[in-house]
Every structure is written in structure tokens, then in C-alpha cells.
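An overview of the molecular structure
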Amino acid sequence: MTEKTYEAMERYGRDVRAAFHTPGHKMGLGAHERLRRLLTEEGLRQEVNVTDALDDLNSPTGAIKDAEEFAAKLYGADRSLFMVNGTTGAIQTMVLGALKDGDLLIAPRNAHRSVFGAAALAGIDIAYMSPEINEDFQIIEEVRTETVRKAIEEHPTAKAVLIISPTYYGRFSDIEGIAKVVHEHNMLLLVDEAHGPHLPFVPGLPKSAISRGADLVASSTHKILGALTQGSILFVNEDRVDFKKMAQTAAMLTTTSPNQLIVASLEIAMEQMVKYGKEYFTKLLPLIADLQKGLKKAGFEILEGEDLDPFKLTVRISDFGVSGKKADKILIDKYGVAAELSNLHNLLFLITYADNEETLGILKNSLIDFIKDKEKHGVNMDFPKLPKIPPSKILPRKAFFADFKEVPFKESAGQVSAEEITSYPPGIPLIHPGEVITKEIIKYAKEVHSLGIKLVGFGDHTLETVRVIR
Ligand SMILES: Cc1ncc(COP(=O)(O)O)c(C=O)c1O
């Protein structure tokens, strides 16, 4: 018999000793007193959707409006919109609200799938630019200013540029530099800051992109700070963006029954940072430095750099003859330590305000114990080179709604794909729906598949067939 959903939750809550993944409150460890109260019987009495008494997320005039103004001020934005459908909702809102049918958006090839979703909804086209690839860790890094400049020169009619900063692995782009280039060409700068809601509160880190020149910024409060899962915020600067249009777009994409617990948790997360943020982060930064030092002394290679968020810890585990995936499972089963992400070579641990000396100690000791008897050796990072971005034949929207058929993958060159196919690592889509499958892509996919690399998006995991547009 399979488990019930709530039984699975109970099991996970029992088995994990230290979580280094989202949400930011870390399984309640950092939950604000008010958030705890909301999740009790008393809180359940307040879990209602009565817009007259509590204000209306889709057209706020009272408490929610005040809370949004409070958040905007903290991040240095003109306005903000609270979201109950995560950063997916925030990204869809910014793309649909800022661009219109037929417009072109420049975005990194590894943009979150919500960008493609927004393009399909809005009828816009996407011109992709390639972010940096870190060959030593086989991960995707940031988008550089020069890359943006080149993409703009190639696509001068684009309406907006979207970048991810900080990246999943914590690397920052040069926001000021990119904003300057983008605005010189009368385009908008949209920033996916899903992994940066803590930035305004951490001494020494770059501030939020919304205070550094971006026009729109999507922030995953729930991932890194103390909001409930799904609680995100969209920040808006009004110089080049029509806020009313943004608010209307948000309302169009949002349920008419927003969960008030999520809404309130966003305000609580903001209050928590104002009151305790500086104290938490000032205590944590030296502990993180110690953790990094200890891991390096034990022989681990960790991702480093001046332009890296210290709250993201990427550890290369394959040096010890184990894949990141395998290590992930052992760490949970044996030590109760849960990583945010694992891939062929690495484990990524998310540290948040909720962590402390004890949780970081558990992480360090577990990792060191795990490699105790393992010999370190150089890993072969000789990886097949990523194929060129294929030509786009059909707009995302058309591709999404088109009729498709299944054909043998090895004979599909020249056909237009109806599927997105992405290999992990490095996590860059080889093909998006609407793009032409090339011989190079077929060869690459077969090669990485035979190396045991996960290919997602393929309906047929054996790679025998692929869906193409009829
Ligand atoms: C870079 C990036 N953007 C957007 C999202 C979407 O965020 P959410 O899960 O809050 O919808 C994610 C989720 O992992 C992400 O990593």
C-alpha cells in the first residue's frame, strides 16, 4: 500500500535532522512566533477568505496594500505585489505585464520554465543567450554584461532582457552594468531574483536588483526567508513600467481565493528580517566561513568567488568517487542531512537565516564522516561540448498548442520539437518546443544518456522516440 500524502510528510519530518533546502524557515526552525501561531487551531479560525474584512490581494486597499508598501520600501522598489503562486506567478506576471503579443524577450538559455510558460501565454518570442558554464563543477553560472550587450546587438527589436541573479548556485551578475546596457537600448530589465530575497538584509552582500537599476524583480521569499511555501513578491520600479498594468496582470493570473496564511506569512517574513535580520546574519557569516574552511581542510573542493552568495554551498563530491546523486541519498539515509540539489558531480546546500551553529556542525561532521574512508582522485570532467542553440521555427505559443506526432529520435533531425529536452548537468535545455532538432543535438543526447546523465522533458525516457510538431 502506498503512503498517504500526510503520512509521507510525517515520515520526512521524522527522518530529516538538518534540512539544507527550501523553504527558508527550515522545517519550522526559523519560524517567527506569529507564523507558528497561524499554524495552530487559533490560526485555523483565521484561515478565511473574506475580502471585506481582511482586504483583497487582487485589489488591495487596506492591510495588504500597507504590507506591500512596507516590502517595497525594504527592497528599494517603488511598488510591490504579493504573490501566492510562487516566483512562477511573479515571473509570469512580469513577462505578461511588460510585453505584449508579438514582442521579443531576450533570456538566458537556462531561464526557469515559467519564462517559456509566460511566452506561450502571451504569444511572445524568446531569443536565448548563453550563460557562463563552469567546467570545473559542470554547472551554469551567471550571464555577463558582454553577453547581454551581444544579444541586444543581435536582437535590437527586443522589448526586454531577463536575467537570473543570483543564480541557483549563488553567482551574481553585474546588475548596474547590465541595466545600463539594457536601458541605453530602451529595453526593460527583468530580474529573476528567486534566490536573492535575503540580499537587502545581509551586511556586505549586493542589494536587491530592484534598487540597482532593474525594472521588475521576482523574489522567492518562501525559498530563503520565513514565508510559507508559494509566498513570493514581485517588485516594480515605475520609471519604465505601468504599475496598474502589472497589478491587473497579477490579478488575472491569481486565484480569487488567495490563501490568507501565505499572504500574512509574507508580511511576517518582512517584519522578522527588520527585527532580527542583522543579528541572524551577523552571527551566521563567520559560522559559514568556518564551515567552508573545515570542508576545504578535509579535502573538499567548494565553489568560491567574490561574486558568490555565501548562503549557497556547492561541494564537489565526485572527487571521492561518488556521484552527487548517490551521496545525496546516503546523506539523508545515514545522517538525516538533506541537500537542496544534487547532480552528477555536486551537492548544493542552502543555508538560510534559520541555520545555526548546530545545523552547520551537523552538515560539516556528516560530510567529513561520509568521505572518511574514501580516496580523493581527480575527476574526469571531459564532457561532450554542448550543442549550438538550434534555430527556432515556431513561436512558443504555437508550439504549445500544435498537433504532434511521435517519431524515432535518431531520425528526427530537421523536425520541429514539441518537447523540451534538458540534460542535468548542466541544466541547459538542448531544445525547446518550436525549435528544430539537429543532428548535433541527437548525437549529444545519445552520448550524455550513455554516460548516465539524466535527460528530462523527454516523454520517452529510453530516447527511442521524440514528439515533433505535425
Ligand atoms: C531561478 C528560479 N526562478 C524561478 C523559480 C520558480 O520559483 P517558485 O518555485 O517559487 O515558483 C525557481 C524555482 O526553483 C528558480 O530556481
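Here's a quick rundown of the structure.

Calculation criteria
Residues numbered from 1 in each chain as written. Predicted model: local features only at pLDDT ≥ 70, side-chain atom pairs only at ≥ 80, totals over all residues. Heavy atoms only, no water. Helix = DSSP H or I, 4+ residues; strand = E, 2+ residues; numbered from the N terminus. Pairing = 2+ DSSP bridges. Axes fitted to C-alpha atoms, helices over the stretch in contact; angles between N-to-C directions. Contact = heavy atoms within 4.5 Å. Phe/Tyr/Trp six-rings, centres within 6.5 Å; stacked < 30°, edge-to-face > 60°. Buried < 20%, exposed > 50% of the residue type's maximum accessible area, 1.4 Å probe, protein only. Lys NZ or Arg CZ within 6 Å of the ring centre and 35° of its normal. Near = heavy atom within 4 Å. Polar contact = N/O pair within 3.5 Å; in protein donor to acceptor, adjacent residues only side chain to side chain. Areas by Shrake-Rupley, 256 points an atom, 1.4 Å probe, with all protein chains shown as cover. Core = buried A, V, L, I, M, F, W, Y, C linked by side-chain atoms within 4.5 Å. Lys, Arg positive; Asp, Glu negative; His and termini not counted. Salt bridge = Lys/Arg side-chain N within 4 Å of Asp/Glu carboxyl O. Parallel < 35°, antiparallel > 145°, perpendicular 65-115°, else oblique. Left-handed = near helix turned anticlockwise from the far one by under 90°. Nonpolar A, V, L, I, M, F, W, Y, C, P; charged D, E, K, R; others polar.

1. Quick look at unusual backbone geometry
P23 follows T22 through a cis peptide bond whose omega is -5 degrees. Examined against the element boundaries, P23 turns out to sit in the loop between β1 (18-20) and α2 (33-38). Residues S165 and P166 are joined by a peptide bond in cis, for which omega reads -5 degrees. Assignment of secondary structure puts P166 in the loop between β7 (160-164) and α9 (175-184). A positive phi angle is found at D55, which is not glycine, with a value near 85 degrees.

2. Things to note about the sheet that holds strand β3 (residues 104-108)
If you trace the 7 strands from one edge of the open sheet to the other, you get β2-β10-β9-β8-β7-β3-β4, paired in mixed fashion. At either margin of the open sheet sits one strand with a lone partner, and together these are β2 (79-83) and β4 (125-129). Each strand axis lies, on average, 20 degrees off the axis of its neighbour in the sheet, ignoring direction. Judged from the 2 bridges that link them, β3 and β7 form a sheet pairing that is parallel. Paired with L105 across the bridge in β7 is A160. Across the sheet, helix α5 (residues 63-75) lies against β2, β9 (216-219) and β10 (232-236), angled at about 120 degrees from β2, the strand it touches most. Contacting β2, β3, β7, β8 (188-193), β9 and β10, helix α6 (residues 86-98) crosses the sheet at an angle of about 165 degrees to β9.

3. Looking at the packing of aromatic side chains
In this structure the tally under the stated criterion is 9 aromatic pairs. Note on Y168 and Y169: the rings are 6.3 Å apart at their centroids and 45 degrees apart in plane angle, and the pair reads as tilted. A relative accessible area of 30% means that Y168 is categorised as partly exposed. On the numbers, 5.4 Å between centres and 80 degrees between planes, the contact of F281 with F311 is edge-to-face. You can see F281 sitting in helix α12 (residues 260-297) and its partner F311 sitting in the loop between β11 (301-302) and β12 (312-316), a full 30 residues away along the chain. In this pair, the class of F281 matches that of F311, namely buried. Each residue in the set Y75, F201 and F235 is aromatic and connected to the rest through ring pairs, giving one cluster. Positioned above the aromatic ring of Y128 is the side chain of R109, whose terminal nitrogen or guanidinium carbon lies 4.7 Å from the ring centre.

4. Concerning the site of the ligand
In the region of the ligand, the neighbouring residues are G86, T87, T88, I91, H112, I164, D192, A194, H195, S220, H222 and K223. T88 is positioned such that a nitrogen or oxygen atom in its side chain is 2.6 Å from an oxygen atom of the ligand. A distance of 3.1 Å separates an oxygen atom of the ligand from a polar atom in the side chain of K223. Expressed as a share of its isolated accessible area of 390 Å², the protein-covered part of the ligand is 81%. Breaking the shell around the ligand down by element, the ones donating at least two residues are α6 and α10 (221-224).

5. What about the nonpolar core?
Counting residues in each nonpolar core, the largest one holds 84 residues, and the members touching the most others are V161, I163, F349 and L367. If you tally residues by element for this core, the top one is α12, at 13 residues. Residues contacting I163, with those up to four places away along its chain left out, are P108, M129, V143, V148, S173, I175, I178, L189, L190, V191 and D192. One finds M83, V115, A118 and A250 within the second-largest nonpolar core, a separate group that totals 31 residues.

6. Points about the sheet that holds strand β17 (residues 421-424)
Strand order in this open sheet of 3 strands is β18-β17-β19, and the pairing throughout is antiparallel. Since the sheet does not close on itself, it has two edges, and those belong to β18 (429-431) and β19 (454-456), each with one partner. In this sheet, adjacent strand axes meet at a mean angle of 30 degrees when their direction is disregarded. Bridging between β17 and β18 involves 2 bridges; their strand directions are antiparallel. Residue pairing in the sheet places T422 in a bridge with P429 of β18. Helix-sheet contacts for helix α16 (residues 439-450) involve β17, β18 and β19, and the interaxial angle to β18 is about 135 degrees.

7. Brief notes about the side chain of D55
Within the fold, D55 resides in the loop between α4 (51-54) and α5. Buried charge D55 goes without a salt bridge, the closest partner of opposite sign being K65 at 8.5 Å. At 2.9 Å, the side chain of D55 forms a polar contact with the backbone nitrogen of I64. A distance of 3.4 Å separates the side chain of D55 from the backbone nitrogen of K65, its partner in a polar contact. Once residues lying within four places of it in the same chain are set aside, the contact partners of D55 are V50, P60, T61, G62, A63, I64 and K65.

8. A short note on the packing of α6 against helix α7 (residues 113-122)
What describes two packed helices is the angle between their axes and the distance between those same axes. Put simply, α6 and α7 touch, their axes get as near as 9 Å, and they point 40 degrees apart. In terms of their interaxial angle, α6 and α7 are classed as oblique. For α6 against α7, the interelement crossing comes out right-handed. Seen from α6, the contacting residues are T88, I91, Q92, V95 and L96; seen from α7, they are S114, V115, A118, L121 and A122. The residue inventory of the contact of α6 with α7, partitioned by class, reads 7 nonpolar, 3 polar and no charged.

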